[in-house]
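# Observations on chain architecture
One letter stands for each residue in the lines below.
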Amino acid sequence: MITAEQIASHGLTPSEYQVVLDGLGREPTWAELGVFSVMWSEHCSYKSSRIHLKRLPTTGPRVVIGPGENAGVVDIGDGLCVCFKMESHNHPSYIEPYQGAATGVGGILRDVFTMGARPIALMDSLRFGRMEHPKTRSLVHGVVAGIGGYGNCMGIPTVAGETRFDESYDGNCLVNAFCAGLVHKDRIFLGTTGGPGNKVFYVGAGTGRDGIHGATMASASFDEASDEKRPTVQVGDPFQEKLLLEACLELMQMDVLVGIQDMGAAGLTSSSVEMAGRGGAGLLLELDKVPTREANMTPYELLLSESQERMLLVIQPGKEKQVFEVFAKWDLRCAEVGTVTGDGIWRCSWHGEEVCAIPVAILTDAAPKYDRPQTPRGVAPAVPEDLVPPADLGAVLLQLMGSPDVTDKRWIWRQYDHQVGTDTEIGPGLDAALVRVKGTKKHLGFVVDSNGHHVWADPFVGTAGQVAECVRNLACVGCEPVGLSDCMNFGNPQKGEVMWEFSRSVDGMAEACNALGVPVISGNVSLYNETGEQSILPTPGLAMVGLFEGERPPIRGRWTEGKRVARLGASGTHLGASLYLREVHGLRKVGSPPPVDYDVERRTNAALRALVRGGLVEVAHDCSDGGLAVALAECALEVGATLSLDDGSVAALFGEDHGRAVIAYDPSREAQVRKVCADNGVSLVSLGLTGGDRLTLLAGGPLLDVAVADLRARWGDTFPAWAG
Amino acid sequence: MRRVAVVTFPGSNCDADARHAVSLFGMEAVAVWHKDTVLPKVDAVILPGGFSYGDYLRCGAIARFSPIMPEVVKFAGNGGPVLGICNGFQVLCEVGLVPGVLLRNSKLKFLCQDVDLRMEGKPTPWSKPGGAPIRIPIAHMEGHWYADDATLERVEGEGQVIFRYVGGAPNGATRDVAGVSNAAGNVVGLMPHPERYVEAGVGGTDGRRVFEALVETLA
């Protein structure tokens, strides 16, 4: 008899449990209760978010596979596709930073190579609490080492990323990992079973007790299974996964595989149920045949374990020998553990005894979906009209350059191998990374970005602005966007304000993606990011992939001597939700985020792409955190400039208005640059020439004047001095 | 066409990069699986970078027992050119083909960054001493080359230091040693990755000097 307490400890509500009873027509077995618990968890079922995510645009001429598979796939021409996804590993990374982050990378890699794609690039989006918070430093050390430890060993370059700090992440860091891979359009593999008679194979690491949900482990009637409480964070083995990657890709070259799925969250259960669901089939798993690495594991534990580096394969009958041979070559475990059936029922047996028999449709289609109540919250207070800017704007600029969100993150990314594979044309540190596709003229752009401050201030506009910024970042390396993966990090969905933030954020993303022609092809939702009553800033992590064909553009991040510096777009006017307000005036959660004008965005991006692809500009840099002044300073870390601005207000200097970029080009290119801007209807405002060892800004009179060496020191030394 | 074997151990991840680089110099790259017991007929052998056997136990310590290694040792003993890059260098140290050992970086962090190297010591199939320093990247956690004093004196005295960091070793390597050879000079190991910088659009072209030296040697 299953008690109300056991139901609650499995995270099921009384009404959800009633659906279980109605669906089965009987009380579930203990193992089945565990299965419903994980399959209907927020993480697996998207029960709070699913109705909202449907509003995102997920189709387009390039989209081959949209959300719902292990990763999305986009056509990049000539029979080639890029497959990508971003996923969160927030809670595990806070509990055990190294393994939490490492297994986040491991999981996203599996999602991509499961599709038949060879991974070519990783990115990460990280959020930590304040630098002065006692836990932050150790979290940064652990998370960064974990990401590097896994990705470096796998030999997949980590080509870009972003790291920001805010008090709302003090008790809940965010670790979002992205992976992209290349796959031939006719060699894409899906997580499906095909028809009855196909064989189910388990490959990779043995199953242990790691990752079984702590709450269920602590259940009173569970004493028989284990005296110990194992950590709920999984332990990664990148070496094992490297072998699994090579073995799976090798097997995919043969005509044996029907379907394949990685065992991620909810492990064996989720992978087998989802495959059966997509295949419209049933499945029998013989749990006693599952390779284990611990003795005396129960069916419940085998089904719920989240041990890493495991895959479930469905192969054509009669091809077993080939599978065994490939996995023997790579010294990996491989076992036949079941059969595809035609009755639509997901069954598990244990030494011949049936321990689970659940119609697949109940687990998938009958999963709860909630339209949770939303409570619109008030907008942020307006920027005070009597704001008095500091007299020394040079000191302000230096302060912003050394602020946690702007400061050089080389300390982080030099711990990541960002070059292995020898395709990284532009690595970390610029607006976007650029990765070539060997044997073609194709270049893929990668950017990951999010600004929780903008999103908090107005979830709709803030999220739309982040989409626009990603597209602009890609334009700065010559690419146009081909797709987006979103990683929605929000607080507790049972709070009306959080649900409102989520829903508005989705709508803002949908509007911007529609306006700028970017399909959302994969993603992930991470809710309950809160500690006590403190929710994180709403943080929709956006990872965007771009493409262009042609010669690698001769662009760089820093100015050289004698170049013309110009601004594309208007002078800034909007200080709301800016880095300047937070850092200089201590005004957090003040002001609305900058609005987005899609027409301006489209024209600016078209001009940027033409300028970069045409080899006309040496530097193209988007204005974002810290506005125009920080964008200029980031270009001036080697060679300075004397520049005259049309407006010397702090809003013009530090406002984070969209639709703008700074470029630098050889003066001999003046006519061509002007023509590209005119053709696209973009205003080009010449600011001056590069040269010398100071950055001097004028607006009528002197505005600020700082030494390049000081900019470099403040920008470059802050992070290592803090991190140690 | 000259043929260069590139050995793939389980966990090697710069093997494809090494083969790609070799192919850019008009040579044929021959993929060799670590379980093979016969080395095909080749003119040179590269042990590539990566994490052979996950770097478990100690970097390169398990790979040295791979079935192909006796063949590599024999090839080296017959004077064949052998190059170990990064993890390949660690394997060469473990199997005793080149002197020294590789410890953890002094700051205990993985480092992926450009370094400037001076080519010096005796001429080898993979290097010509002198010329301007080359700029190529490192990407390792265990690149701190170390040898006891007697070995160090012998290695320095015999001109077996082939690559040396200019401006200090970021990993703490003894006397800024980045790469060494065996006494005969045909076997060279180095931590930095010449195979990564052989094309202008991808990092730079200074790594070409290593492959050009081999082309000249085999000509």
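These notes cover the structure that comes with them. These numbers were taken from a predicted model, which means no experiment stands behind them.

## Considering a nonpolar patch on the surface
A cluster of nonpolar residues, Val101, Leu103 and Tyr146 of chain B, forms a patch on the protein surface that exposes about 240 Å² of accessible area. Assignment of secondary structure puts valine 101 of chain B in strand S5 (residues 101-103).

## Brief notes about helix H18 (residues 459-475) of chain A
Here H18 of chain A is 17 residues long and its end C-alpha atoms lie 24 Å apart, about the 24 Å a rise of 1.5 Å per residue gives. For H18 of chain A, the N-terminal cap is aspartate 458 of chain A; the gap from its side-chain oxygen to the backbone nitrogen of phenylalanine 460 of chain A is 3.1 Å.

## Things to note about the packing of helix H7 (residues 97-113) of chain A against helix H8 (residues 136-154) of chain A
Residues and elements named next belong to chain A. At a minimum axis separation of 7 Å, H7 and H8 run at an interaxial angle of 35°. Crossing of H7 against H8: the hand is right-handed. On the side of H7, the interface is formed by Pro97, Tyr98, Ala101, Ala102, Val105, Gly106, Leu109 and Arg110, while H8 contributes Leu139, Gly142, Val143, Ala145, Gly146, Ile147, Gly149, Tyr150, Gly151 and Met154. Split by residue class, the contact of H7 with H8 holds twelve nonpolar, five polar and one charged.

## Concerning the pattern of salt bridges
Taken as a whole, this structure holds 67 salt bridges over all chains when the rule is applied. Residue arginine 130 of chain A pairs with aspartate 170 of chain A through a salt bridge whose shortest N-O separation is 2.4 Å. In this pair, arginine 130 of chain A is assigned in the loop between strand S4 (118-128) and H8 and aspartate 170 of chain A in the loop between strand S5 (158-165) and strand S6 (174-184), connecting sequence segments 40 residues apart. One salt bridge connects aspartate 43 of chain B with arginine 2 of chain B, and the closest N-O pair in it is separated by 3.3 Å. Taken as a pair, aspartate 43 of chain B in the loop between strand S2 (28-33) and strand S3 (44-47) and arginine 2 of chain B in the segment before strand S1 (3-8) lie far apart in primary sequence, 41 residues in all.

## Observations concerning the environment of histidine 621 of chain A
Residues and elements named next belong to chain A. Here histidine 621 lies in strand S23 (residues 619-622). Separated by 456 residues in sequence, histidine 621 and phenylalanine 165 place their C-alpha atoms 22 Å apart. Other than its neighbours up to four places away in sequence, histidine 621 contacts Asp431, Cys476, Ala631, Glu634, Cys635, Ala661 and Val662. A distance of 2.5 Å separates a polar atom in the side chain of histidine 621 from a polar atom in the side chain of glutamate 634.

## Notes on the sheet that holds strand S3 (residues 80-88) of chain A
Residue and element names in this part refer to chain A. The strand order across the open sheet formed by six strands is S1-S2-S3-S6-S4-S5, and the pairing between neighbours is mixed. Bordering the open sheet on either side are strand S1 (63-65) and S5, each of which pairs with just one other strand. With strand direction ignored, the average angle separating the axes of adjacent strands in the sheet is 20°.

## Quick word on unusual backbone geometry
Residue and element names in this part refer to chain B. Notably, aspartate 55 is not glycine yet its phi reads approximately 60°, a positive angle. Considering the arrangement of structural elements, one finds aspartate 55 in the loop between S3 and helix H2 (69-77). Phi is positive for arginine 175, close to 50°, though the residue is something other than glycine. Mapping arginine 175 onto the fold places it in the loop between strand S9 (161-165) and strand S10 (177-181).

## With respect to the interface of chain B and chain A
The interface of chain B with chain A comprises 27 residues on the first partner and 30 residues on the second. Between chain B and chain A, a total of about 2300 Å² is buried, with carbon and sulfur atoms accounting for 56% of that surface. Inspection of the region where chain B meets chain A yields three salt bridges. For lysine 35 of chain B, the salt bridge goes to aspartate 331 of chain A, with nearest N and O atoms at 3.1 Å. Contributions of two or more residues to the side of chain B that touches chain A are made by helix H1 (15-23), strand S6 (111-119) and strand S7 (134-140) of chain B. Here the element with the most residues in the side of chain B that touches chain A is S6 of chain B; it accounts for four residues. Each residue belonging to the side of chain B that touches chain A can be placed in one class, and the counts come to 13 nonpolar, seven polar and seven charged.

## Digging into the side chain of serine 272 of chain A
Residues and elements named next belong to chain A. Take serine 272: it is sitting in helix H11 (residues 267-279). Here serine 272 falls in the buried class, since its relative accessible area comes to 0%. A polar atom in the side chain of serine 272 sits 2.7 Å from the backbone oxygen of leucine 268. Polar side-chain contacts of serine 272 include one of 2.8 Å to the side chain of tryptophan 346. What serine 272 contacts, discounting residues up to four positions off in sequence, is Leu283, Leu285, Leu312 and Trp346.

## Some remarks on the pairing of strand S9 (residues 282-286) of chain A
All names here are of chain A. As judged from the four bridges shared by S9 and strand S11 (residues 334-341), these two strands associate in the antiparallel manner. Residue glycine 282 lies in a different strand from S11, and its bridge partner there is threonine 341. Bridging between S9 and strand S12 (residues 345-350) involves four bridges; their strand directions are parallel. Among the inter-strand pairings, leucine 285 is bridged to a residue of S12, identified as cysteine 348.

## As for the packing of helix H15 (residues 393-401) of chain A against helix H22 (residues 627-635) of chain A
The relative placement of two packed helices comes down to the angle between their axes together with the axis-to-axis distance. Residues and elements named next belong to chain A. In the contact formed by H15 and H22, the axes pass within 10 Å of each other and the chain directions differ by 70°. Between H15 and H22, the interaxial angle falls into the category roughly perpendicular. Contacts between H15 and H22 involve Leu397, Leu400 and Met401 from the former and Ala629, Val630, Ala633 and Glu634 from the latter. Residues that form the contact of H15 with H22 fall into these classes: six nonpolar, no polar and one charged.

Reading the values: rules and limits
Residues numbered from 1 in each chain as written. Chains lettered and ligands numbered in written order. Predicted model: local features only at pLDDT ≥ 70, side-chain atom pairs only at ≥ 80, totals over all residues. Heavy atoms only, no water. Patch = residues over 30% accessible without salt bridge, like charges linked within 9 Å, V, L, I, M, F, W, Y side chains within 5 Å. Areas by Shrake-Rupley, 256 points an atom, 1.4 Å probe, with all protein chains shown as cover. Salt bridge = Lys/Arg side-chain N within 4 Å of Asp/Glu carboxyl O. Helix = DSSP H or I, 4+ residues; strand = E, 2+ residues; numbered from the N terminus. Expected span 1.5 Å × (residues − 1). Polar contact = N/O pair within 3.5 Å; in protein donor to acceptor, adjacent residues only side chain to side chain. Axes fitted to C-alpha atoms, helices over the stretch in contact; angles between N-to-C directions. Left-handed = near helix turned anticlockwise from the far one by under 90°. Contact = heavy atoms within 4.5 Å. Nonpolar A, V, L, I, M, F, W, Y, C, P; charged D, E, K, R; others polar. Pairing = 2+ DSSP bridges. Buried area = accessible area lost by both parts, 1.4 Å probe. Buried < 20%, exposed > 50% of the residue type's maximum accessible area, 1.4 Å probe, protein only. Parallel < 35°, antiparallel > 145°, perpendicular 65-115°, else oblique.

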